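Examination of the molecular architecture
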Amino acid sequence: MTDPGAASLGLSPRPARISARRSWRRLLAAALGVGALTLDGGAAAGATVAVLNIDGPIGPATADYIERGFDKAIGEGAGVIVLRMDTPGGLADSMRVIIQQILAAPVPIVGYVAPSGAHAASAGTYILYACQIAAMAPGTNLGAATPIQIGGFTPGETPERQPEKEPESGDGAPAADAPAPPAGMQEKMVNDAVAYIRSLAQMRGRNADWAEKAVREAASLSAAEAFEANVIDLIARDLDELLAKIDGRTVEVAGGEITIDTADATVVTLAPDWRTELLALITNPNVAYILMLIGIYGIIFEFYNPGMVLPGVAGAICLLLALYAFQVLPVSYAGLGLIGLGLALMIGEMVAPSVGALGVGGVVSFVVGSIMLMDTDAPGFGISWQVIGGVSLAAASSLLLLMWMLARSHRRPVVTGEEDMIGSRARVVDWQGREGRVHTRGELWRARGPAGLSAGQAVRVQAIDGLTVEVAPEKEVAT
């Protein structure tokens, strides 16, 4: 068994579910010579094993990578697809997209938790149950499949713990005298997850009771325990041993039964390309959050300084990327609204200072909105406290600096305008009776004052009336 290298894949802008898109993707990949799964000309079906890796949290980028990987492998004649997993879980929507691809695949899908030390928690457990063959490496574990979200409960702490139920029949149905679950949104979500994983377990002939326990009680199993409990089909130290053990097995796929042939198979790893990595980066909640802030501040800066172009262009691009990420992420619109309100209040403090009232309210609203922004507790899909704290601290520091500068400006003496003119020194240019002209601050002004003033005499401005100044003689006349 050889590994000729990693083949790159084409990338669609989002997880696609419309089969009509698959044909042009394959044609485009073939035309560009990129992402093609190379097979020997006379290779028979089953002579190639495609390996896709699920590493880290499962999200939109993962679902897109798996969907395109299946299209590529199946389109190029791979006989078996191995999903090698090491994941803490992820988003339910992305998990369901992957499971739909597994159930619709016309070739066997082998779920393999590896290498040693890896785990398939939460969404990974569902995916493993959906595969025709489930395998684990020694030293791995799976389970803890309780759905969690903001305002929900932590694994193992359901709203009302149900007593363990023993099945009455061989199909894993719960006992008839089992108490009915209490009503409530969280309990409905748990029951839906239980029904889903039980259906997958029954489809593959695996332990449905433990699957329910993994959801309700966040139970976990090691590889050896999972094999003994009929949760997985086999344990394999590495990929070579896995392929040797599944060779000759007959499994049911979407098109009917098929016998797996992995003897002398060629192994091809379909690795995520740079476009997949870019999609994963953009849909990272921390990155999307920062892109949104850059976009908003860039556009605001452009409005304050029209014609600079760069802040506006960069801000628009960043904002559109952030909006795309929020489209595929579980975003709380209440949190998004609070962030917008906070930014508006902080900008209002800069435009119309309110001695900190708007600024403090804006910072509080911004922090609360940032915490609420991601409407999930799924691993890897929350906004880091360090990011929220850093951005909030920068905003608060900017407001404090602005308030300090405003306070300092109020203590400075006036240097322009009418207030600055009063009390200033002037010199009489010409004078007749009680009127004349004086020179001050580099300008000639019409003036009124006491009679008897003479040209060249020093006077002080007492008041201003339109374009006329009121003057009075200085006690000491300049020579």
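Structure shown above.
Parameters and conventions
- Residues numbered from 1 in each chain as written.
- Predicted model: local features only at pLDDT ≥ 70, side-chain atom pairs only at ≥ 80, totals over all residues.
- Heavy atoms only, no water.
- Pairing = 2+ DSSP bridges.
- Helix = DSSP H or I, 4+ residues; strand = E, 2+ residues; numbered from the N terminus.
- Axes fitted to C-alpha atoms, helices over the stretch in contact; angles between N-to-C directions.
- Contact = heavy atoms within 4.5 Å.
- Salt bridge = Lys/Arg side-chain N within 4 Å of Asp/Glu carboxyl O.
- Buried < 20%, exposed > 50% of the residue type's maximum accessible area, 1.4 Å probe, protein only.
- Patch = residues over 30% accessible without salt bridge, like charges linked within 9 Å, V, L, I, M, F, W, Y side chains within 5 Å.
- Areas by Shrake-Rupley, 256 points an atom, 1.4 Å probe, with all protein chains shown as cover.
- Phe/Tyr/Trp six-rings, centres within 6.5 Å; stacked < 30°, edge-to-face > 60°.

**Description of the sheet that holds strand β7 (residues 141-143)**
The strands that make up a sheet are held in pairs by hydrogen bonds between backbone atoms, and each pair lies either parallel or antiparallel. Across the sheet, which stays open at both edges, the 3 strands sit in the order β5-β7-β8 with mixed pairing between neighbours. Edge positions in the open sheet fall to β5 (119-121) and β8 (220-222), since each of these has one partner strand only. Each strand axis lies, on average, 15° off the axis of its neighbour in the sheet, ignoring direction. Here β5 runs beside β7; their pairing, made up of 3 bridges, is parallel. Paired with A120 across the strands is L142, a residue of β7. Across the sheet, helix α4 (residues 123-130) lies against β5 and β7, angled at about 100° from β5, the strand it touches most.

**Re the pattern of salt bridges**
Here the structure, examined in full by the defined rule, presents 14 salt bridges. Across the pair E241 and K245 runs a salt bridge whose closest N-O atoms are separated by 3.1 Å. One end of the pair is E241 and the other is K245, both in helix α8 (residues 239-246) and 4 residues apart, which spans about a single turn. The class for K245 is partly exposed, based on a relative accessible area of 36%. Put simply, R425 and E474 hold a salt bridge, and the shortest N to O gap is 3.2 Å. Within this pair, whereas R425 is found in strand β13 (residues 425-432), its partner E474 is found in the segment after β17 (468-473), the two being separated by 49 residues in sequence. One continuous salt-bridge network, built from bridges that share partners, spans E187, R198, D209, E212 and R216.

**What to know about a nonpolar patch on the surface**
A cluster of nonpolar side chains, V360, V364, V368, I371, M372 and W385, forms an exposed patch at the surface whose accessible area comes to about 570 Å². When residues in the nonpolar patch are grouped by element, the largest group, 5 residues, is from helix α13 (residues 357-372). Mapped onto the elements, I371 comes out in helix α13.

**Quick look at the packing of aromatic side chains**
By the definition in use, this model includes 2 aromatic pairs. A centroid spacing of 6.3 Å and a plane angle of 40° characterise the contact between Y289 and F366, whose relative ring orientation is tilted. Here Y289, found in helix α10 (residues 285-304), pairs with F366, found in helix α13; they are 77 residues apart in sequence, far enough to count as distant.

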